[in-house]
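So the chains spell out like this:
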Amino acid sequence: MPAKQQKRTRIVYIIMAQQEITKKSEWPLWEVFIRSKAGLDHKHAGSLHAADAQMAIENARDVYTRRMEGVSIWVVESKNIHASDPSEANSLYDPANDKIYRHPTFYNLPDEVKYM
Amino acid sequence: MTVHSFQEHFDSLIDREISIEPKDWMPDDYRKTLIRQISQHAHSEIVGMLPEGNWITRAPSLRRKAVLLAKVQDEAGHGLYLYSAAETLGISRDEMYDQLHSGKAKYSSIFNYPTLTWADMGAIGWLVDGAAIMNQVPLCRASYGPYARAMVRVCKEESFHQRQGFEIMLTLAKGTEIQKKMAQDAFNRWWWPSLMMFGPPDAESPNTAQSVRWRIKRLTNDELRQKFVDVTVEQAKVLGLDMPDKDLKWNEERGHYDFGAIDWEEFKNVVKGNGPCNKQRLETRKQAWEEGKWVRDAAMAHAEKRNARKKEAAKAA
Ligand SMILES: [Fe+2]
Ligand SMILES: [Fe+2]
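For every chain, the first residue of its written sequence is number 1, and the numbers climb from 1 along that sequence. Going through the entries in the order they are written, you letter the chains from A and number the ligands from 1. Whole-chain, interface and lining totals are the exception, using all residues; otherwise, since this is a predicted model, local features are given only for residues with pLDDT of at least 70 and side-chain atom pairs are given and counted only at 80 or more. Working from all heavy atoms in the structure, the side-chain values ignore hydrogens and water.

A closer look at the overall build of chain A
Worth spelling out the cut-off: Per the convention used, a helix needs a DSSP run of H or I reaching at least four residues, while a strand needs a run of E reaching at least two, with both numbered from the N terminus. It only takes one pair of heavy atoms within 4.5 Å for two residues to be counted as in contact.
Helix and strand content of chain A: three helices and three strands. Listed by position from the N terminus, the elements making up chain A come as α-β-β-α-β-α. Taking contacts inside chain A between residues at least 6 apart in sequence as the whole, the part at least 24 apart equals 42%.

Considerations on the coordination of the iron ion (ligand 2)
All names here are of chain B. Our working rule: With water omitted from the atoms examined, metal sites may look incomplete; donors here are N, O and S atoms no farther than 2.8 Å from the metal, or 3.2 Å in the case of Na, K and Ca.
Bound to the iron ion (ligand 2) on the protein side are Glu75 (OE), Asp129 (OD), Glu158 (OE), Glu158 (OE) and His161 (ND1), at distances that span 2.0 to 2.7 Å. Written as a sequence motif, the donor arrangement for the iron ion (ligand 2) is E-x53-D-x28-E-x2-H. Separating the iron ion (ligand 2) from the iron ion (ligand 1) is a gap of 3.3 Å, bridged by glutamate 75, which donates to each. Highlighted residues: glutamate 158 and histidine 161, both in helix α7 (residues 145-173), separated by three residues, approximately one helical turn.

Regarding the coordination of the iron ion (ligand 1)
Ideal coordination angles are 109.5 degrees for a metal with four donors arranged tetrahedrally and 90 or 180 degrees for a metal with six donors arranged octahedrally. Residues and elements named next belong to chain B. We apply this condition: When four donors show all angles between 85 and 135 degrees the site is tetrahedral, when four or six donors have opposite pairs over 155 degrees and all other angles between 65 and 115 it is square planar or octahedral respectively, and in every other case it is irregular.
Protein ligation of the iron ion (ligand 1) involves Glu45 (OE), Glu75 (OE), His78 (ND1) and Glu158 (OE), the donor distances falling in the range 2.0 to 2.2 Å. One way to put it: the four donor atoms around the iron ion (ligand 1) meet at angles of 82 to 159°, and that makes the site irregular. Sequence positions of the residues that donate to the iron ion (ligand 1) give the spacing E-x29-E-x2-H-x79-E.

Side note on the interface of chain B and chain A
Convention followed: Once two parts are joined, some of their accessible surface, as seen by a 1.4 Å probe, is lost; buried area is that loss totalled over both. Definition used for salt bridges: Asp or Glu carboxyl oxygen within 4 Å of a side-chain nitrogen of Lys or Arg. By the criterion applied in these results, polar contacts are pairs of N or O atoms within 3.5 Å in which, for protein atoms, one can donate a hydrogen and the other can accept it, and in which residues neighboring in sequence qualify only through two side-chain atoms. Under this grouping Gly is polar, as are all residues other than the nonpolar Ala, Val, Leu, Ile, Met, Phe, Trp, Tyr, Cys and Pro and the charged Asp, Glu, Lys and Arg.
Taken residue by residue, the interface counts 30 residues in chain B and 28 residues in chain A. Looking at the side of chain B facing chain A, the largest losses of area belong to B:Lys23, B:Met300 and B:Glu312, adding up to 22% of the total buried there. Run the count over chain B and chain A and you get five salt bridges. Its salt-bridge partner being A:Asp52, residue B:Arg306 comes within 2.7 Å of it at the nearest N-O pair. For the interface between chain B and chain A, the tally reads 14 residue pairs in polar contact (both at pLDDT 80 or more). Looking at which element gives the most residues to the side of chain B that touches chain A, the answer is helix α13 (residues 293-316) of chain B, with 15 residues. Class assignment for the residues of the side of chain B that touches chain A results in nine nonpolar, five polar and 16 charged.

Here's the deal with the pairing of strand β1 (residues 29-35) of chain A
All names here are of chain A. For clarity, the cut-off: For every residue, the accessible area (1.4 Å probe, protein chains only) is compared with the maximum for its type, and the residue is labelled buried under 20%, exposed over 50%, or partly exposed between those bounds. Pairing between strands is defined by DSSP: at least two bridges between them are needed.
For β1, a buried count of five out of seven residues is recorded, marking the element as mostly surrounded by other parts of the structure. As defined by bridge partners, β1 adjoins strand β2 (residues 42-49) across seven bridges and the pair is classed as antiparallel. Directly across from tryptophan 30, in β2, lies its bridge partner leucine 48. Between β1 and β2, which pair antiparallel in sequence order, lie six residues; one of them, glycine 39, sits at a positive phi of approximately 100°. Relative to strand β3 (residues 72-77), β1 runs antiparallel, the two being bridged by six bridges. Pairing of valine 32 across the sheet is with valine 75, part of β3.

With respect to the confidence of the model for chain B
Operational definition: Across the chain, each position has a pLDDT score giving the predictor's confidence in that residue, from 0 to 100.
Mean pLDDT over chain B: 95, with 99% of residues reaching 70 or higher. Interface confidence for the predicted complex, given as ipTM, is 0.87, next to a pTM of 0.88.

A look at unusual backbone geometry
For residues that are not glycine, phi is negative in most cases, and the peptide bond is trans in most cases. A positive phi angle, close to 55°, is found at A:Met68, a residue other than glycine. Structurally, the position occupied by A:Met68 is in the loop between α2 (53-64) and β3.

Considerations on the side chain of B:Glu158
Put simply, the rule is: We score Asp and Glu as negative and Lys and Arg as positive, and we do not count His or the chain ends.
Buried charge without a partner: B:Glu158 forms no salt bridge, and the closest opposite charge is B:Lys71, 5.7 Å away. Contacts of B:Glu158, omitting those with residues within four sequence positions, involve B:Glu45, B:Glu75, B:His78, B:Asp129, B:Ile133 and B:Gln136.

Observations regarding the environment of A:His103
All names here are of chain A. Along the chain, histidine 103 falls in the segment after α3 (89-93). The exposure class of histidine 103 is partly exposed, given its relative accessible area of 46%. Residues histidine 103 and aspartate 62, 41 residues apart in the sequence, show an inter-C-alpha distance of 42 Å.

Rendered as structure tokens:
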């Protein structure tokens, strides 16, 4: 892209950004996930507002890990989280109840079998 | 499900001590009451930074300064945890700020008292954070999931707040005659407002029963207040300071301390806006918000620019 055109594109983007600001002053909302120790899963810690992902991570560091609560942070913009519907919980999870043969305790082993 | 069965389902969750989560159906009043309670609590954490922030530059040593700074930063964090919890109920952060800045929303009236001497940093940590902990620990089992989880986080951090305050009081109380006087004076001034932090007497809080039923309040105002008096009397003995209440007396029969009458007129007055620092606190808060606007805007502009640059690079590739 020629330099002049590049500069114009940038200016257009800046104007767009400014319009965005006047439209909406509140920073987007982010969900924060923290790995408390190497080897463990990331766990939901809470949420916060930040202008973009990088700043969300920086803010998450200050808000959620002031006492060495984490070794790794994930942030996801809240609008990108899709959740199951609690009113469908019964139909979603109930079928698991009648499949007890999925659990090891369902099976009877002779006492001679010590480790299994 | 009909509205009726929604209500039944909600009631049964409450009865079985199962958490209500953001996407669950909940009665409008439950939602409204929670938004008010959680946002008021968040406002208190944020405004609560002001009386102490006032002393950061004047802390008597580097250690005390680092500690106070960390405590005040924690309070900002508490505000943020709570605002986030309230947001899951469908109110925006900006709306809550508007309510605070316009004076429509309340915050704890304790923060409308002035911090006159360094001993006030001790008294606040010991008494005000102590009273807050008393209030907050039972809320870790509140019925609304995001609120309860925020309270767990808050409570974990609060205990250092109270200890650092007690340590300041202890140092002063064991210090020179003037230092001891200073500690006693701070104790005298913060004691009664701390008792008021638990809210009006049970007989005058008609909503308590409903809130206890909903498990968004686990103990009544008077129960919490009594617990606070009982533990504080013992702590004051360790400090060697006098309880600022001539009617204070152990009641063998009740197994609790009896204490003097609280000046509820003063409380009502401060809540109404006529406390010594109401105006100053709100002005400072609004000023901080307005003067931070360029930072918020700049961060947004920076994010947009960074985004645009990324898009441009992707196009070029
Ligand atoms: Fe706090
Ligand atoms: Fe605190």
